[in-house]
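Here's the letter readout for the chains.
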Amino acid sequence: NAGVTQTPKFRVLKTGQSMTLLCAQDMNHEYMYWYRQDPGMGLRLIHYSVGEGTTAKGEVPDGYNVSRLKKQNFLLGLESAAPSQTSVYFCASGTPNTGELFFGEGSRLTVL
Amino acid sequence: GNSVTQMEGPVTLSEEAFLTINCTYTATGYPSLFWYVQYPGEGLQLLLKATKADDKGSNKGFEATYRKETTSFHLEKGSVQVSDSAVYFCALILGSGGTSYGKLTFGQGTILTVHP
């Protein structure tokens, strides 16, 4: 089973460039999430979606946009990358309120 | 607001040693509590959970008890193995019936290294 798949796994950008991270899940989950992981700060929620066509802001949404056009996909976009967005990004999916999220393997982004 | 605080790491142990990773929380209401584990190069995966006071979650030899009086959920294992080397995250979720939207609040993570 594929579970949650993120692409790309590594990317280097220059300041001001744009890019999109793709997350795909094959578990028919309604809820999907984008987190960023930084040393000593745990995981912080960027945006989330409770169903196809819906998105909502998390804890650290500034500088990011998301879209959920299909239930199985959740896209995270950076319109103008900044060095502060250097991080490891994790996508997750799950069912409401169980607390069990299924994570992808992460996407390491470096902004120079 | 809601928050989770874990003990400072990294933690380095010898194989077969006893492990404790402390976790305390602050929450408005009655959260469910979780431990997630992240093995090198992988995403997080659920290790165990407890949904109400005095519940004990257990999996793979790890245990944690939901202590409402001390707002704690410490992770323990009696005899660690090299394969337990990973980053461990304590987390909470609030709400029921869809009100929390599945949003977990994570601690900062504790790196565990086990040597042979």
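All figures in this text were calculated on a predicted structure; none of them were measured in a lab. (Residues numbered from 1 in each chain as written. Chains lettered and ligands numbered in written order. Predicted model: local features only at pLDDT ≥ 70, side-chain atom pairs only at ≥ 80, totals over all residues. Heavy atoms only, no water.)

Asks: Would you mind showing me how to read the overall build of chain A here?
Replies: Scanning chain A from terminus to terminus reveals 0 helices and 11 strands. Across chain A, helices and strands are ordered from the amino to the carboxyl terminus as β-β-β-β-β-β-β-β-β-β-β. A compact globule built from 112 residues should have a C-alpha radius of gyration of about 13 Å, and chain A, at 13 Å, falls within 12% of that. Over its C-alpha atoms, taken along the principal directions, chain A stretches across nearly 35 × 30 × 25 Å. Out of the 112 residues in chain A, the part that is buried amounts to 50%. Within chain A, contacts between residues separated by at least 24 positions form 53% of all contacts whose residues are at least 6 apart in sequence. Looking at chain A as shown, the accessible area adds up to about 5,300 Å², and 52% of this sits on carbon and sulfur atoms. Across chain A, the 10 positively charged side chains and the 9 negatively charged ones have centroids separated by 7 Å. (Helix = DSSP H or I, 4+ residues; strand = E, 2+ residues; numbered from the N terminus. Rg over C-alpha atoms; globule rule 2.2 N^0.38 Å. Buried < 20%, exposed > 50% of the residue type's maximum accessible area, 1.4 Å probe, protein only. Contact = heavy atoms within 4.5 Å. Areas by Shrake-Rupley, 256 points an atom, 1.4 Å probe, with all protein chains shown as cover. Lys, Arg positive; Asp, Glu negative; His and termini not counted. Charge placed at Lys NZ, Arg CZ, Asp CG, Glu CD.)

Asks: Where do I start with the sheet that holds strand β8 (residues 73-78) of chain A in this structure?
Replies: Strand-to-strand pairing in sheets goes through backbone hydrogen bonds, with the strands running parallel or antiparallel. Residue and element names in this part refer to chain A. Read across the sheet, 4 strands follow the order β1-β3-β8-β7 without closing on themselves; strand pairing throughout is antiparallel. Where the open sheet ends on each side, the last strands, each with one partner, are β1 (4-7) and β7 (65-67). Ignoring strand direction, the axes of neighbouring strands in this sheet form an average angle of 20°. Two elements, strand β3 (residues 19-25) and β8, share 6 bridges in a ladder whose sense is antiparallel. Within the sheet, the bridge partner assigned to L21 lies in β8 and is L76. (Pairing = 2+ DSSP bridges. Axes fitted to C-alpha atoms, helices over the stretch in contact; angles between N-to-C directions.)

Asks: Which parts of the structure should I look at to understand the pattern of salt bridges?
Replies: Close approach of charged atoms allows side chains of opposite charge to pair. Evaluation of the coordinates by the stated rule reveals 6 salt bridges over all chains. The salt bridge involving E30 of chain A is made with K71 of chain A; its shortest N-O contact spans 3.0 Å. Within this pair, whereas E30 of chain A is found in the loop between β3 and β4 (31-38), its partner K71 of chain A is found in the loop between β7 and β8, the two being separated by 41 residues in sequence. Accessibility expressed as a relative area gives 36% for E30 of chain A, which makes it partly exposed. Judged by its relative accessible area of 19%, K71 of chain A is buried. Here D84 of chain B and K77 of chain B are joined by a salt bridge, their closest N and O atoms 2.8 Å apart. A relative accessible area of 6% places D84 of chain B in the buried class. (Salt bridge = Lys/Arg side-chain N within 4 Å of Asp/Glu carboxyl O.)

Asks: Would you take a moment to explain the packing of aromatic side chains for this structure?
Replies: In this description, a pair of aromatic rings is defined by centroid distance and the angle of the planes. Residue and element names in this part refer to chain B. Going through the model one piece at a time under the given rule, you end up with 13 aromatic pairs over all chains. Seen from their ring centres, Y25 and Y66 are 6.1 Å apart, and the 85° between their planes marks the pair as edge-to-face. Residue Y25 is found in strand β4 (residues 23-26), and its partner Y66 is found in the loop between β8 (62-65) and β9 (75-77); the two are separated by 41 residues along the sequence. Take Y25: its relative accessible area is 8%, and that puts it in the buried class. On the basis of relative accessible area, Y66 is assigned to the buried category, the value being 2%. (Phe/Tyr/Trp six-rings, centres within 6.5 Å; stacked < 30°, edge-to-face > 60°.)

Asks: Would you explain the state of the cysteines in this entry?
Replies: Formally, a disulfide is one covalent bond, and it connects the sulfur atom of one cysteine to the sulfur atom of another. Residues and elements named next belong to chain B. One pass over the structure, following the stated rule, counts 2 disulfides over all chains. A sulfur-sulfur distance of 2.0 Å marks the disulfide that ties C23 to C90. Looking along the S-S bond of the C23-C90 disulfide, the torsion reads about -70°, which is the left-handed sense. Here C23 is found in strand β4, whereas its partner C90 is found in strand β10 (residues 86-93), with 67 residues between them in sequence. (Disulfide = S-S within 2.5 Å.)

Asks: For this particular structure, what's the right way to read the interface of chain A and chain B?
Replies: Listed as interface residues are 20 residues of chain A and, on the opposing side, 24 residues of chain B. Approximately 1,700 Å² of surface area, both sides summed, lies buried where chain A meets chain B, with 56% of it carried by carbon and sulfur atoms. The interface formed by chain A and chain B holds 3 residue pairs in polar contact (both at pLDDT 80 or more) in total. Of the residues contributing to the side of chain A that touches chain B, the split by class is 11 nonpolar, 7 polar and 2 charged. (Buried area = accessible area lost by both parts, 1.4 Å probe. Polar contact = N/O pair within 3.5 Å; in protein donor to acceptor, adjacent residues only side chain to side chain. Nonpolar A, V, L, I, M, F, W, Y, C, P; charged D, E, K, R; others polar.)

Asks: What is the right way to read the nonpolar core from this model?
Replies: It is characteristic of soluble globular proteins that their nonpolar side chains tend to be buried jointly. The biggest cluster of nonpolar side chains holds 27 residues, and the ones touching the most others in it are L19, W35, L47, L48, F73, L75 and Y88 of chain B. Looking at this core, the element that brings in the most residues is β10 of chain B, giving 4 residues. Of all hydrophobic cores here, the second largest spans 20 residues; its members include Y35, V88 and F103 of chain A together with Y36 of chain B. (Core = buried A, V, L, I, M, F, W, Y, C linked by side-chain atoms within 4.5 Å.)

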